[in-house]
Amino acid sequence: MTTAEPVDELVSNTPPDKPKKDKAEPPKERRVRDPIPEDQLEHRQLRDGEWWREIPAFEDVDAEQFNDHIWQMRNSVYGEDSLIENLEGLAPPGFVEDVREGFHKAPMAVRITPYIFSLIDWDNPWEDPLRLQFLPIASRLSPDHPMLTLDSLHEQADAPVDGLTHRYPDKALFLVLDTCPVYCRFCTRSYAIGVDTDTVEKVQLKVSPERWEEGFDYIEQHPELEDIVISGGDTYNMPAKHLRNIGERLLKMDNIRRIRFATKGLAVMPMKVLSDDKWLDAMQDLCDLGREMHKEVAIHTHFNHPKEATAISKRAMERLFERGIKVRNQCVLQRGVNDSIETMKLLTKRLSEINVQPYYVYQHDMVKGVEDLRTSVQTNIDIEKAVRGVTAGFNTSTHVVDAPGGGGKRDVHSYEYYNRETGVSVYQAPSVKPGEYFTYFDPLHSLSESVQQDWRDPDKQEEMVEQALEAAKDRDHQRI
Ligand SMILES: *Cc1c(COP(=O)(O)O)cnc(C)c1O
Ligand code: SF4
């Protein structure tokens, strides 16, 4: 074109309507946030100093000794006699008897590290969030929900080889040993973990290179498996040599892209990371080898309460961070421990502070002997809503229900149907077991008196379960 003609003359003779422009007005009022004084940023205030000296048994223990993992293991409170001996003169009158009685009814053995033992508030052990997790007491036990079974997640039914659960299409859970540095009252694997108790005779999943070999063969024969969770038990209790062998064996399989080592150890005995160089070096070498092969190696740990993270934990996590070892957290929502919005906000922020990434918050599994610790699904939903937004999205946990019966983890909000009156929620798991329905039951103590009565009547039990399943199926049909 040689001459420039006005564009609108080419199209029409009338000028087009000019689009109206939005004019950005300055806001009439601005929200100004006052700086929050440092001393109110509670997540950064990690317990420091030699607090353990307040416990008579640890009065003369200096920091060097307390920070030594071998000292921690040797001085762990283990079994009834050592427990009672440590409590005499420390816990209030009445508490020792309460524990002695609780101990005989519990499905899990008792083992507590000096670190955790020293963080319990012995002036009020009944309410203490750490006591609640590790020490059973008779006065607070409530009867199990009638729909509860010993291996509620059906880990054994989904296990082609002892200790190897293959439930999801591309990932598997490998239980390589059955001991832990502590025993949690609420352990999902109370069917296997720790020594037998008065109430449970356990399945054995001992350290056994022969059993592992069967697991490795299975993993190799299933090219679709890419992601292995190595758990137990607790990989903290795995000698460095075995850790290295298992990690290397898996990383060298072409199909494996990701492995994670599960350990509660970081939360209950951070000293190992500070003083067991052999174990830490093995873990780092595996991470480095993985990185070279473009495969991910990470640690998944289990902090449940902000009190568990101290200045010692921070130093331990910094050591892992410096060595490029990624740590994520899987926490269990528990009544009286962390079922409050404030506690979970603080835990989320504090974990971020020590470079641990909050990954999951689990609805408490339906585990025997710990009904007092379960919450309703609604409590979980309310907490998720309040916590989301307090910090980076990538440091905010997904809240899940591990569907009883082997449905796998489901977002707690994704129920097909939830009857808050009977406490029955129904989930589906299309990628795991298509077409099946899975039910979770709120603990009886969260329900009304009359509904609690109904749960004691076998006919009404069936009715309540049927009602929820029918409602879930109806909803499903309406959608199609
Ligand atoms: C939790 C779990 C996994 C890992 O699941 P993610 O959602 O990837 O953390 C794998 N297998 C089993 C049986 C599990 O319970
Ligand atoms: S550390 Fe894990 S596997 Fe061991 S008792 Fe606690 S919840 Fe169970």
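Nothing here was measured: the structure is a model prediction, and the numbers come from that model.

### Observations concerning the overall build of the protein chain
When you go through the protein chain residue by residue, the secondary structure sums to 17 helices and 14 strands. Considering only C-alpha atoms, the protein chain reaches an extent of 100 × 60 × 55 Å along its principal axes. The buried share of the protein chain, reckoned over its 480 residues, is 55%. Of the contacts made within the protein chain by residues no fewer than 6 positions apart, 76% connect residues no fewer than 24 positions apart. Accessible area for the protein chain stands at about 23000 Å²; split by element, carbon and sulfur atoms hold 48% of it. With 60 positive and 85 negative side-chain charges, the protein chain shows a separation of 4 Å between the mean positions of the two kinds.

### Some thoughts on the domain arrangement of the protein chain
Partitioning the protein chain into structural domains gives domain 1 (52–140), domain 2 (164–410) and domain 3 (415–480). In this assembly, domain 2 packs against domain 3 so that about 1600 Å² is buried in total across both faces, 61% of it on carbon and sulfur atoms. Put simply, domain 2 and domain 3 have zero salt bridges between them. Where the side of domain 2 that touches domain 3 is concerned, the elements lending two or more residues are α15 (377–387) and β10 (398–403).

### Considerations on the sheet that holds strand β6 (residues 258–262)
A sheet is described by the order of its strands in space; here nine strands give the open sequence β3-β4-β5-β6-β7-β8-β9-β10-β11, paired in mixed fashion. The open sheet is flanked by β3 (164–165) and β11 (408–411), the only strands paired with a single partner. The pairing of β10 with β11 spans four bridges and is classified as antiparallel. Bridge pairing in β11 places A403 opposite G408. Lying on the sheet, helix α12 (residues 277–292) is in contact with β6 and β7 (296–301); it crosses β7 at an angle near 140°.

### Remarks on empty space enclosed by the protein
As enumerated under the stated definition, the model contains two cavities of 30 Å³ or more in all. Empty space within the largest cavity amounts to approximately 910 Å³. Lining the largest cavity we find 41 residues, and of these R189, S231, A262, Q330 and Y362 sit closest to its centre. Looking at the lining of the largest cavity, the elements with two or more residues in it are β4 (171–175), β5 (227–231), β6, β7, β8 (326–332) and β9 (357–362). By residue class, the composition of the lining of the largest cavity is 19 nonpolar, twelve polar and ten charged. The calculated volume of the second largest cavity comes to roughly 80 Å³.

### Focus: helix α14 (residues 341–353)
Between the first and last C-alpha of α14 there are 18 Å, a value that for 13 residues agrees with the 18 Å anticipated at 1.5 Å per step. Turning to α14, its buried residues number three or more, namely T343, M344, L346, L347, T348, R350, L351 and S352. Contacts made by the buried residues of α14 are with β8, β9 and α15. Looking one or two places after α14, you find N355, whose phi comes out positive at around 65°.

### Observations regarding the pairing of β4
The element β4 is extensively covered by neighbouring structure, given that four of its five residues are classed as buried. Pairing of β3 with β4, which is carried by two bridges, proceeds in the antiparallel orientation. Residue L164 lies in a different strand from β4, and its bridge partner there is F174. Once β3 ends, the chain turns through five residues before running back antiparallel as β4. You can see the chain leave β4, run along helix α8 (residues 209–220) and come back into β5, and the turn it takes is right-handed.

### Remarks on the sheet that holds strand β12 (residues 417–419)
Here we have three strands laid out as an open sheet, ordered β12-β13-β14, and antiparallel in their pairing. Either end of the sheet is taken by a strand with one partner, and the two such strands are β12 and β14 (437–441). Going from strand to strand, the sheet's axes swing by 20° on average, the running direction of each strand aside. When β12 meets strand β13 (residues 424–428), the two strands line up antiparallel, connected through three bridges. When the bridges of β13 are listed, N419 appears paired with V424.

### What to know about a negative patch on the surface
Taken together, the side chains of D459, E462, E463, E466, E470 and D474 present a region of like negative charge at the surface. Tracing the backbone shows E463 in helix α17 (residues 458–479). Judged by relative accessible area, E463 falls into the exposed class, the value being 54%.

### Some details on the pattern of salt bridges
Throughout the structure, instances matching the rule amount to 30 salt bridges. Across the pair E213 and R249 runs a salt bridge whose closest N-O atoms are separated by 2.6 Å. With E213 in helix α8 and R249 in helix α9 (residues 240–251), the pair connects residues that are 36 residues apart, well separated along the chain. Look at E213 and you get partly exposed, because its relative accessible area is 34%. One salt-bridge network, in which partners are shared between bridges, spans D170, E226, D227, R258 and R260.

What counts and what doesn't
- Residues numbered from 1 in each chain as written.
- Chains lettered and ligands numbered in written order.
- Predicted model: local features only at pLDDT ≥ 70, side-chain atom pairs only at ≥ 80, totals over all residues.
- Heavy atoms only, no water.
- Helix = DSSP H or I, 4+ residues; strand = E, 2+ residues; numbered from the N terminus.
- Buried < 20%, exposed > 50% of the residue type's maximum accessible area, 1.4 Å probe, protein only.
- Contact = heavy atoms within 4.5 Å.
- Areas by Shrake-Rupley, 256 points an atom, 1.4 Å probe, with all protein chains shown as cover.
- Lys, Arg positive; Asp, Glu negative; His and termini not counted.
- Charge placed at Lys NZ, Arg CZ, Asp CG, Glu CD.
- Domains from an automatic or database assignment.
- Buried area = accessible area lost by both parts, 1.4 Å probe.
- Salt bridge = Lys/Arg side-chain N within 4 Å of Asp/Glu carboxyl O.
- Pairing = 2+ DSSP bridges.
- Axes fitted to C-alpha atoms, helices over the stretch in contact; angles between N-to-C directions.
- 1 Å grid on protein atoms, 1.4 Å probe; cavity = no way out; pocket = protein on both sides within 12 Å on 5 of 7 lines; lining within 4 Å.
- Points joined across faces, edges and corners; volume = space filled by probe spheres on them.
- Nonpolar A, V, L, I, M, F, W, Y, C, P; charged D, E, K, R; others polar.
- Expected span 1.5 Å × (residues − 1).
- Right-handed = clockwise from strand over helix to strand, strands pointing away.
- Patch = residues over 30% accessible without salt bridge, like charges linked within 9 Å, V, L, I, M, F, W, Y side chains within 5 Å.

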